[in-house]
Every structure is written in structure tokens, then in C-alpha cells.
Amino acid sequence: MNLTDFRDNSLLKLQVGGPFLGGMEAVQEAQEYILIQVEQTEEAGSRRRRTQQVGVVSIYLLFYNSFCDTFSFAPILISVQAFLLDSQVVPLSMTHQSLYVTVETQVLMAGLILAGVYVLIIFEIVHRTLAAMLGSLAALAALAFIGDRPSLMTVVEWIDYETLALLFGMMILVAIFSETGFFDYCAVKAYQLSRGRVWPMIIILCLIAAVLSAFLDNVTTMMLFTPVTIRLCEVLNLDPRHVLIAEVIFTNIGGAATAVGDPPNVIIVSNQDLRKKGIDFASFTGYMFLGICLVLLTSFPFLRMLYWNKKLYNKESSEIVELKHEILVWRQTAHRINPASREETAVKCLLMQKVLNLESLLHKKLKTFQRQISQEDKNWEHNIQELQKKHRITDKILLVKCLTVLGVVIFMFFLNSFVPAIHLDLGWIAILGALWLLVLADIQDFEIILHRVEWATLLFFAALFVLMEALAQLQLIDYIGEQTAVLIKAVPEDERLAIAIILVMWVSALASSLIDNIPFTAAMIPVLINLSQDADVNLPVKPLIFALAMGACLGGNGTLIGASANVVCAGIAEQHGYGFSFMEFFRLGFPMMLMTCTIGMCYLLATHIGLGWNT
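The text that follows walks through the structure, step by step, so that each part is easy to find. Since we're looking at a predicted model, the values are computed, not measured.

1. Focus: the overall build of the protein chain
- If you tally the helices and strands in the protein chain, you get 25 helices and 7 strands.
- Looking at the protein chain alone, contacts between residues at least 24 apart form 81% of all its contacts between residues at least 6 apart.
- When the accessible area of the protein chain is evaluated, it comes to approximately 29200 Å², of which 61% is carbon and sulfur surface.

2. Digging into the side chain of Asp 262
- Its place among the elements puts Asp 262 in the loop between helix H9 (240-255) and helix H10 (263-269).
- Buried Asp 262, no salt bridge; nearest opposite-charge side chain is Arg 275, N-O distance 17 Å.
- The residues contacting Asp 262, other than those within four sequence positions of it, are Asn 218, Asn 252, Gly 255 and Cys 553.

3. Points about the packing of aromatic side chains
- Taken as a whole, this structure holds 14 aromatic pairs when the rule is applied.
- Ring geometry for Phe 580 and Phe 585: centres 6.4 Å apart, planes at 20°, overall stacked. Residues Phe 580 and Phe 585 agree in their burial class; the two are buried.
- Through a chain of ring-to-ring contacts, three or more aromatic side chains come together here, namely Phe 284, Tyr 287, Phe 546, Tyr 603 and Trp 613.

4. Observations concerning helix H5 (residues 161-177)
- Here H5 spans 24 Å end to end across 17 residues, near enough to the 24 Å set by a 1.5 Å rise per residue.
- Burial analysis of H5 places 14 of its 17 residues in the buried class, which makes it a mostly covered element.
- Between a side-chain oxygen at the N-terminus of H5 and the backbone nitrogen of Glu 162 the separation is 3.2 Å; the capping residue is Asp 160.

5. Here's the deal with the environment of Leu 406
- Take Leu 406: it is sitting in helix H16 (residues 396-418).
- It is 9.2 Å that separates the C-alpha atoms of Leu 406 and Ala 430, two residues lying 24 residues apart in sequence.
- With sequence-adjacent residues up to four places away left out, Leu 406 is seen in contact with Met 170, Leu 173, Phe 177 and Leu 224.

6. A short note on the packing of helix H3 (residues 128-146) against helix H19 (residues 455-473)
- Contact geometry of H3 with H19 gives a least axis separation of 8 Å together with a crossing angle of 25°. Of the possible angle classes, the one that applies to H3 and H19 is roughly parallel. In the crossing of H3 with H19, the sense of the turn from one axis to the other is left-handed. The segment H3 lies against H19, with Arg 128, Thr 129, Ala 132, Met 133, Gly 135, Ser 136, Ala 139, Leu 140 and Leu 143 engaging Ala 456, Leu 459, Phe 460, Ala 463, Leu 464, Val 466, Leu 467, Ala 470 and Gln 473.

7. Here's the deal with the pairing of strand E2 (residues 11-17)
- Burial of E2 is extensive: 7 of the 7 residues sit out of reach of the surface.
- Every second residue of E2 is oriented toward a common face, with Leu 11, Lys 13, Gln 15 and Gly 17 on one face and Leu 12, Leu 14 and Val 16 on the other, all of them buried.
- Note: E2 against strand E7 (residues 93-99), 7 bridges, orientation antiparallel. Bridge pairing links Val 16 to Met 94 in E7.

8. Describing unusual backbone geometry
- Phi at Glu 124 takes a positive value of approximately 50°, unusual for a residue other than glycine.
- Here Glu 124 is to be found in the loop between helix H2 (103-122) and H3.
- For Asp 442, which is not a glycine, the phi torsion comes out positive at approximately 55°.
- Within the fold, Asp 442 resides in the loop between helix H17 (426-441) and helix H18 (446-452).

9. Describing the pattern of salt bridges
- Applying the stated rule across the entire model yields 5 salt bridges.
- Glu 359 is the salt-bridge partner of Arg 331, the closest N and O atoms lying 2.4 Å from each other. One end of the pair, Arg 331, is in helix H13 (residues 318-336); the other, Glu 359, is in helix H14 (residues 342-368), with 28 residues separating them in the sequence.
- For Glu 359, a relative accessible area of 31% gives the class partly exposed.

10. So, a nonpolar patch on the surface
- Nonpolar side chains collect at one region of the surface, where Leu 207, Val 211, Phe 215, Phe 418 and Val 419 lie side by side and expose about 420 Å² of accessible area between them.
- Here the nonpolar patch takes 3 residues from helix H7 (residues 198-215), the largest share from any one element.
- Within the element layout of this structure, Leu 207 appears in helix H7.
- A relative accessible area of 40% places Leu 207 in the partly exposed class.

11. Re the packing of H19 against helix H24 (residues 564-575)
- Put simply, H19 and H24 touch, their axes get as near as 9 Å, and they point 155° apart. It follows that H19 is roughly antiparallel to H24 by the angle criterion. Of the two possible hands of crossing, H19 and H24 adopt the one that is right-handed. Along its contact with H19, which presents Thr 457, Phe 460 and Phe 461, the element H24 presents Ser 564, Val 567, Val 568 and Gly 571.
- Partitioning the contact of H19 with H24 into residue classes produces 4 nonpolar, 3 polar and no charged.

12. Observations regarding H2
- Given a rise of 1.5 Å per residue, 20 residues ought to cover 28 Å, and the 28 Å separating the end C-alpha atoms of H2 matches this to within 8%.
- Buried residues of H2: Gln 106, Val 107, Met 109, Ala 110, Ile 113, Leu 114, Val 117, Tyr 118, Leu 120 and Ile 121, and no others.
- Looking one or two places after H2, you find Glu 124, whose phi comes out positive at around 50°.

13. So, the environment of Ser 213
- One can find Ser 213 in helix H7.
- On the basis of relative accessible area, Ser 213 is assigned to the buried category, the value being 0%.
- Note: C-alpha distance between Ser 213 and Gly 255 (42 residues apart in sequence) is 4.9 Å.
- At a separation of 3.1 Å, a polar atom in the side chain of Ser 213 contacts the main-chain carbonyl oxygen of Ala 210.
- A polar atom in the side chain of Ser 213 sits 2.8 Å from the backbone oxygen of Thr 251.

Scoring rules and cut-offs
- Residues numbered from 1 in each chain as written.
- Predicted model: local features only at pLDDT ≥ 70, side-chain atom pairs only at ≥ 80, totals over all residues.
- Heavy atoms only, no water.
- Helix = DSSP H or I, 4+ residues; strand = E, 2+ residues; numbered from the N terminus.
- Contact = heavy atoms within 4.5 Å.
- Areas by Shrake-Rupley, 256 points an atom, 1.4 Å probe, with all protein chains shown as cover.
- Buried < 20%, exposed > 50% of the residue type's maximum accessible area, 1.4 Å probe, protein only.
- Lys, Arg positive; Asp, Glu negative; His and termini not counted.
- Salt bridge = Lys/Arg side-chain N within 4 Å of Asp/Glu carboxyl O.
- Phe/Tyr/Trp six-rings, centres within 6.5 Å; stacked < 30°, edge-to-face > 60°.
- Expected span 1.5 Å × (residues − 1).
- Polar contact = N/O pair within 3.5 Å; in protein donor to acceptor, adjacent residues only side chain to side chain.
- Axes fitted to C-alpha atoms, helices over the stretch in contact; angles between N-to-C directions.
- Parallel < 35°, antiparallel > 145°, perpendicular 65-115°, else oblique.
- Left-handed = near helix turned anticlockwise from the far one by under 90°.
- Pairing = 2+ DSSP bridges.
- Patch = residues over 30% accessible without salt bridge, like charges linked within 9 Å, V, L, I, M, F, W, Y side chains within 5 Å.
- Nonpolar A, V, L, I, M, F, W, Y, C, P; charged D, E, K, R; others polar.

Shown next, in the form of C-alpha cells:
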């Protein structure tokens, strides 16, 4: 191919697709390959023409991206040679683009877009869903500006529909489940177990959440736990926000313990190259489980220290708190009604009138009641009797149906993790479970169930997937990986492994708290494999991969959008009238992230440097 339409000093981007082998191990054994040469003819003087080779590559990979610098307006020649054992036909697709911006400028653009999204979310200038949508639009505009225009089909393919299907299916299951009164019943039981004391109850909830998320995914755990926690806090006159943040932090910690608890771990264990190096389900879970148990043990006292001066109890009496919350819920309901018909307008006016009546009642109560801080209940036994009368299971037949379907769905989640031959994604399991329960429950008013689905959360994830993939196309994630590798190579050999573990761990943790940990993990794995195979570096791959897993999973606690479970929990809490801001999460999550990552790093160093494991 002769290319003549290139500007001066642009980047040539080549993408080659075909029936190639995947993985570095397979490449070394390959006998058939394709050689691609990129040459540019330059005018060296008035008479002489000099041919300069700007890139040669032999590929065996499934999909190949290459960037070659071009030096002038001179034509570029791309030659493709296939070295095959038989004379069979091999299909090959090759696309080329000219990008007019250097990699460093692309990374700078990506960094500015990411910073802009964070400013919008931190200062709550717009809702986080709109912030993610604006960020993804800006990232796509940046790609178009540099000359890499993805088609609409490509952008739609960037969205991870399995995650969205899992969220949607579980939201419907939980919406029907809440009709049974089961969450209220669970809240009363937890109150009974803790004998009316707050901290034992919070520790029990966090521990159960951590254990569950080690086997289920974090999103499912938080979807089941958030409604129970909110009801429990309402019963105890506690502010649910702090309890929910503590729970979601421990969900993220617990998810790191096994190979199926967190998406980065799933990506690591399912990588074929790493399996050949001995990182399989059992060895990965065995090593991570020990470290996470150590992290959990130290996390509880640290959480108590963080919450030392936090007023977990509401400052007003439970009657006033309930009245305030009721006003908020009625107002939200009124705003959600779209007055399309006369009847709907009348209903909206009635609801607003009810809000005004409740507000005048609250005003009177605030005058008569003095502000009092609730103390831990001394007469908790009497309270339980009252609560058991008030919060009962309302529909036992529906509860049996819900428990059956949810039991089967959770069993299928486990089976999918441990038996890969099923070939049924988590999203499909959740959707099929939701459809099955909708049929069994015989829901007449489908609109009510759809109102319970958090469309804003689903839209946020879709926009976030597009944003992260566009930032990856702008070379941001690859650049982070390459710079980490450069830093590791610069360290003296006797200290290299320790520095590499520390560097990979903290870069992963900080990157995962700012950008989604799924594309980051996927991009870092080949970087670390190449680093371990570099004869000059001489590093074992296992310690680096465990450092990546530990950092990527624990780093999710750093910010509100660092992990999927955080966003889901915030969305459900907002729907119940207890939304928490980015900064509220950050004040508790970021110190916990720093502490847990420090403990994780000490464990990695003690086992790999001190005891010589996996080296």
C-alpha cells in the first residue's frame, strides 16, 4: 500500500486483525507469521532519495495496534508478507489512520478530561450521571480532534452490557423482594442480635458484607444489604449514611479475598499467560485470602477510630426524623409525577398539599420538642416487642417465591465461578432470575417495579464505560503502565523486587480510585508480563501480579466512583432519601484506602522479600 495523504510529523496508527494466536507463550512456538514493514522515502538531497524504515513488526497476535512516527510529507509504503507452511488463504483486515498529536499530548488531554469530570462530581456542579456523560462526550471529541474517529457501533461496543444486565436484573429482584417486608424483619432481627448496641451491630453487618462479597460480586452484596441497613438505621434512629459507607468499604475489602469476588481478580485468573505461570484459582485465592484476613483484622479498630467523633445517632427524636424523611419522600414522589393528564395534575397537587401540611406539623413539633441526642436504648427488649408488632412479613407466599428465585440465582453465580463450562454470564443469570420472579409474583402494575429501577445509576455506568475506553484510546492507561515499567528498570537490581512491589501496588491503588479498575487491570497485565520476561530486569511475575490485584481491589475505596459497589450503594441510598456526597464518602473512604493498602503492602513485602514466596 502506498500512502501519500500524510501531514508532517504525524503518527501512523495501524490496526491489524486476523486469525492470529493469542498470548506471548504461543508466539514463541509459532512457525507461521506475518511480517509488516513500514517505510518512508525521504528527499535527502537534490538528486538522491533515501528510504528510511520507520517500523518493522512480526505479528502473531489476535489484534494489533502499532504507532510509527512519520518524518515528512513523503509517501509511506506499507508491505505485508505472510510466511505460511501451506498455501491456504488467510483472511486479514488492516486499517490505517493518521493521528496529528503526539502520545504525550493525548495523555495530557485525557488527564484534563478526567480532572474536569472529577471537578463536576466533587463540587456537585451537576449530577454524577450527567458529569460522566459530559466526560465521555469530551473524550470522544478529543479522539475526533486527533484524527481517530470511532464509529457509533464501536462506541456502543465499549459499554459492558454484562455489568448493566447484572445491575438491572438484581434491581428488579430486590424491588419485588422489598414488597414482602423481609428487609424490615431482617432489621429487627439484627437489632435483637446486637441487644440494642450500635457498634456490635455495625461490626456484624460489615463482617457479613465482607464474607458475602468474597463469594458473590460486590454489587449484588450491596444491593441486598443497603435496604436492610436503611430500615435498621431508621428503627434505631441512626443516620444510615455513615453505616452504609462503612459497609461498602468492607464489601470492597472482602471482594479482594477470592478470585471471583472482584472483577480485577477475575481478569487476572482468566488470563491464559498467567495460568501457564501458575496463577490459577486455588493459588490466587489462597495467597489473597491470607492477606485480606490480615487487612480485615486491622480495619475494624481503624474504622472505630475514624468514627470516634462521628455522631451516628440523629440529633432529633425519632418522631421528628421520621417526619422529615416522610416530607422528603412525599416531595420526591410528587416531583416524579409527570402531569400529562388532568388526574395526574390533581394527584400532584394533593401530594404537594400533603407536604405543606406535614411541614407545618414539623414546625410545631420543633417548637415543642427540645433538641436531644438519643442515647443507646436501655429498654431495648421493650422496643423489640414494639418493633416486631410493627415490622412483620407482609406477604409470606411472595417471600417463599422470592427466596426460591434468589437462592437459585445465587447458586448459579457460585456455579458460574467454579464451573467455567456453564458459559452463562452473571448478567444473563440475573436477567433470567428477574423474568422468572416477575412471572411467579404475577405483578399486575409493572410500572411500579420499573420505577424502582435506578435508571440514573445504569446510565452512569454506561457513560463511565465509554469514558474509560476513550481515555484508554487516548493512551492514558498504557502511558501509566509504561512509566511504571521505566521507573522499575531504573532501580538497582538488589532492591528492584521490593521497589517494584511497592510501585505497582500504589500506582494500582491510586489509579483504581480515580479510573475504573477493570480497564486498568487489563492494560497492566501485559505490561507486567513483558517486564518479567525482560532479561535486563530479571523479576518474577507472581509478586507483581499479586501487588496489582491488591492495589486495584483496595484502591476502589478511595473515591465514590472508584468501585461499582460504591455507586450502586449511593444510588439506592439516594432513592430512599439518604444520599451521600462525593466528599462525605472521600472523608471516610480515602483514609481507609491508605491504611488497608499499607497493610497489604507490608504483607506483600513480608511474604515475597522476607519469606521468599512466589519468587
